[in-house]
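Observations on the three-dimensional arrangement
Each chain is listed here by its residues.
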Amino acid sequence: MAGKGTPATAVLTKQKVAHTLHTYDHDPRAESYGLEAVEALGLDRAQVFKTLVAEVDGKLTVGVVPVTGQLDLKALAAAAGGKKAKMADPAAAQRATGYVLGGISPLGHRSRLPVVIDASAEKFDTVFCSAGRRGLEVELAPADLIRLTGAVVAPIAA
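Let me sum up the structure you'll find in this document. This one's a predicted model, so the numbers in the text were calculated from it and none came from an experiment.

**A short note on the pattern of salt bridges**
- This structure, assessed with the given rule, holds two salt bridges.
- Across the pair D27 and R29 runs a salt bridge, and its minimum N-O distance is 3.1 Å.
- A residue is classified by how much of its surface remains accessible, and R29, at 71% relative accessible area, is exposed.
- Where R147 meets D144, a salt bridge forms, and the shortest distance between an N and an O atom there is 3.4 Å. One end of the pair, R147, and the other, D144, are both in helix α5 (residues 142-149), three residues apart, so they sit about a helical turn from each other.

**Regarding the environment of A143**
- Structurally, the position occupied by A143 is in helix α5.
- For the pair A143 and A121, spaced 22 residues apart in sequence, the C-alpha to C-alpha distance is 9.0 Å.

**Notes on the pairing of strand β2 (residues 49-56)**
- Note that β2 and strand β3 (residues 59-66) share eight bridges and pair antiparallel. Along β3, the bridge assignment pairs F49 with P66.
- Hairpin connection between β2 and β3: a loop of two residues separates the two successive antiparallel strands, and D57 in this loop has a positive phi of roughly 50°.
- With three bridges joining them, β2 and strand β4 (residues 85-87) adopt antiparallel strand pairing. Within β4, the residue paired with A54 across the bridge is M87.

**As for helix α1 (residues 7-14)**
- All buried positions along α1 are accounted for by A8, T9 and L12. Along the long axis of α1, the arc covered by the buried residues comes to 95°, so they all point the same way.
- At its buried positions, α1 is contacted by β1 (19-23), β6 (127-133), β7 (136-140) and α5.
- Of the residues one or two after α1, K16 is the one with positive phi, at around 55°.

**A short note on the nonpolar core**
- Judged by nonpolar contacts, the single largest core of 29 residues is most densely connected at L12, V53, I117 and L145.
- For this core, the elements supplying multiple residues, two or more each, are α1, β2, β3, α4 (90-97), β5 (115-118), β6, β7 and α5.
- Here V53 is in contact with L60, T61, V62, M87, A88, A93, T97 and I104, once residues within four sequence places are set aside.

Conventions we followed
Residue positions are given per chain, counting from 1 as you read along its sequence in written order. Given that this is a predicted model, residues contribute local features only at a pLDDT of at least 70 and side-chain atom pairs are listed and counted only at 80 or more, while totals for whole chains, interfaces and linings are drawn from all residues. Note that water and hydrogens are dropped before the side-chain values are worked out from all heavy atoms of the structure. Definition used for salt bridges: Asp or Glu carboxyl oxygen within 4 Å of a side-chain nitrogen of Lys or Arg. Exposed residues in this analysis have more than 50% of their type's maximum accessible area, buried residues have under 20%, and partly exposed residues fall in between, with area computed by a 1.4 Å probe over protein chains only. Each helix is a run of DSSP H or I of at least 4 residues and each strand a run of E of at least 2, with the numbering of both proceeding from the N terminus. In this scheme, strands are said to pair when DSSP sees at least two bridges between them. Arc definition: directions from the helix axis to the C-beta atoms. Whether two residues are in contact is decided by their heavy atoms: any pair within 4.5 Å suffices. What makes a nonpolar core is a set of buried Ala, Val, Leu, Ile, Met, Phe, Trp, Tyr and Cys residues whose side-chain atoms join them at distances within 4.5 Å.

These figures capture arrangement, not role.
Given below as structure tokens:
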């Protein structure tokens, strides 16, 4: 992986967290980055999570949900201690995280953002999420993802 690291992989290495990187050739025509990873890597859909950036009461907040689900904005707002949530402007999400859409990882953001992870993650030994670049997934224990992001765990997937 020399020269191919991301802020997410740097965090994992620095914190000495057990993880496995999985790469695949990203197809720019893919309609869903998460489902593309599922198909390319032959993974269980329920075990692969997407990272979405929303605004909760005007503050950027990260929601991590299974790729097959939708982010429940009301549930995200409640879990983050807010009243109202809406999806963030894509440019604001990219600026705050330092990642491009389709490659936003829950780890290693440019700005420290609150993170809420869907409770379904805890039923797996490992989960997959973006490692910070399209075509690069990281597999790690949900407990490590929760600890490293300082996440709240709540049912936020619809």
